[in-house]
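Breakdown of the fold
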Amino acid sequence: MNLTCQSEYGTLQSVFIKNVVDAFVDQSTISKEWKELNFLGEPDFKIAQSEYLLFEKLLQTNRSEVKKFEKNASVTMDSIYCRDASIATDNGMILCTMGKAGRMNEPGAAEKMYRELGVPVLGRIEAPGSVEGGDVAWLDQHTLAIGRTYRTNAEGIRQMRALLAPSGVDVLEVQLPHYKGPSDVFHLMSIFSPVAKDLAVVYSPLMPIVFREELLKRGYQLVEVPDPEFESMGCNVLAIGPRQCIMVKGNETTKARLLQAGCTVLEYEGQEISFKGGGGPTCLTRPLWRRAE
């Protein structure tokens, strides 16, 4: 089987997650941390566990191997959004430097697990560079799109280019707008989720024209998320295979448009684990190997 880490939509073979019990720990920990981390509300630990159990079950639809980051006292409840701490490439993981101060220890905690499990590490983004995984998406096996945001800066993108140049990867910088400012969670994948080689879920009102035109030039069909469903994470869609999607329940128009485009759609309740922390299904996972499709 031809496998790659450099895909957002190939059939998922293995994936890292951070279980809600190991990230949120308990209600007392949530109560101490949620305001400082800019969650929209205090998650209910018991309900969050139920939501996460269903989400984890959906991830195993294609019998994917699920690996779990362990509880780590050096990180916060934000570590449930484990995509952000590292980038997966065919030559090893690239450890990030986080743009959000409260998450600075997450890449080190992820590296510890990678070393223990024998997952190779290609390199790391060093300060003053910053990159977060939510700003990074593979358009194809040889093209990586990186959002220039408040979480991912110019120096971080320069370092990413240098790390990927030996393997012939083209890095496409995507300049994103100010939107709600530095304290908000606004990543490239807030407005762009590839779900097949020729299909992506997008929120065009916040998408740079140059990037949108590039997607169309590459043959992407765009599933447009309506305004009311942008805030409810309609654009944050995880592909577990080509046109096999996991999304947060409640985004009915986006779901209907995905179905019309020939997709299978699986849903989970995400009030506690997604809405309140601003992290949908792509944020909750660090995909590793996928089929090259």
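Everything below is about the structure shown above.
Note that the coordinates shown come from a computational prediction; the quantities given were computed from them, not determined experimentally. (Residues numbered from 1 in each chain as written. Predicted model: local features only at pLDDT ≥ 70, side-chain atom pairs only at ≥ 80, totals over all residues. Heavy atoms only, no water.)

A word on the nonpolar core
Here is the rule we go by: Throughout this description, the term nonpolar core refers to a set of buried Ala, Val, Leu, Ile, Met, Phe, Trp, Tyr and Cys residues connected via side-chain atoms within 4.5 Å. The rule is simple: take the accessible area with a 1.4 Å probe, protein chains only, and divide by the maximum for that residue type; under 20% is buried, over 50% is exposed, in between is partly exposed. Helix and strand labels come from DSSP, where a helix needs a run of H or I of at least four residues and a strand needs a run of E of at least two; each type is numbered from the N terminus. Contact criterion: two residues are considered in contact whenever any of their non-hydrogen atoms come within 4.5 Å of each other.
Core analysis: the biggest nonpolar cluster contains 36 residues, and Ile191, Phe192, Phe211, Leu215 and Leu258 have the highest contact counts within it. Broken down by secondary-structure element, the contributors of at least two residues to this core are strand S7 (136-140), strand S10 (192-196), strand S11 (199-202), helix H6 (209-217), strand S12 (221-224) and strand S14 (244-248). Residues within four places of Phe192 in sequence aside, it is in contact with Ala137, Leu139, Ala200, Val201, Val202, Met207, Phe211, Leu215 and Cys235. Phe24, Ile30, Phe45 and Ile273 belong to the second-largest nonpolar core, a separate cluster that totals 29 residues.

Considerations on the pattern of salt bridges
A side chain of one charge can pair with a side chain of the opposite charge if their charged atoms are brought near each other. Counted only if it meets this: We define a salt bridge as a side-chain nitrogen of Lys or Arg found within 4 Å of a carboxyl oxygen belonging to Asp or Glu.
Scanning the model with the defined rule gives 21 salt bridges in all. For Arg124, the salt bridge is made with Glu111, and the minimal N-O distance between the two is 2.8 Å. Here Glu111 lies in helix H4 (residues 106-117) and Arg124 lies in strand S6 (residues 121-124), a separation of 13 residues in the sequence. Among the ionic pairs, Asp198 bridges to Arg243, the shortest N-O distance being 3.0 Å. With Asp198 in the loop between S10 and S11 and Arg243 in the loop between strand S13 (238-241) and S14, this residue pair connects regions lying 45 residues apart in the sequence. Sharing partners across several salt bridges, the network here consists of Glu111, Arg115, Arg124 and Glu126.

Observations regarding unusual backbone geometry
Note that the residue after Ala127, namely Pro128, is joined by a cis bond; omega there is 15°. Residues other than glycine seldom take positive phi values, yet Val25 does so here, at roughly 70°. Residue position: Val25 is located in the loop between helix H1 (20-24) and helix H2 (27-33).

Looking at the sheet that holds strand S16 (residues 285-287)
Cut-off, in case you're wondering: At least two bridges found by DSSP between two strands is the condition for calling them paired. All axes are obtained by fitting lines to C-alpha atoms, using only the stretch in contact for helices, and the reported angles, taken between N-to-C directions, cover 0 to 180 degrees.
Taken together, 3 strands build an open sheet; the order of strands is S3-S2-S16 and the sheet is mixed. For this open sheet the edge positions go to strand S3 (65-68) and S16, each flanked by a neighbour on one side alone. For this sheet, the mean inter-axis angle between neighbouring strands, taken without regard to orientation, is 30°. With 3 bridges connecting them, strand S2 (residues 14-17) and S16 associate as antiparallel partners. The partner of Ile17 across the bridge, within S16, is Thr285. The strands that helix H3 (residues 45-59) touches are S2, S3 and S16; relative to S2, the one it contacts most, it runs at about 165°.

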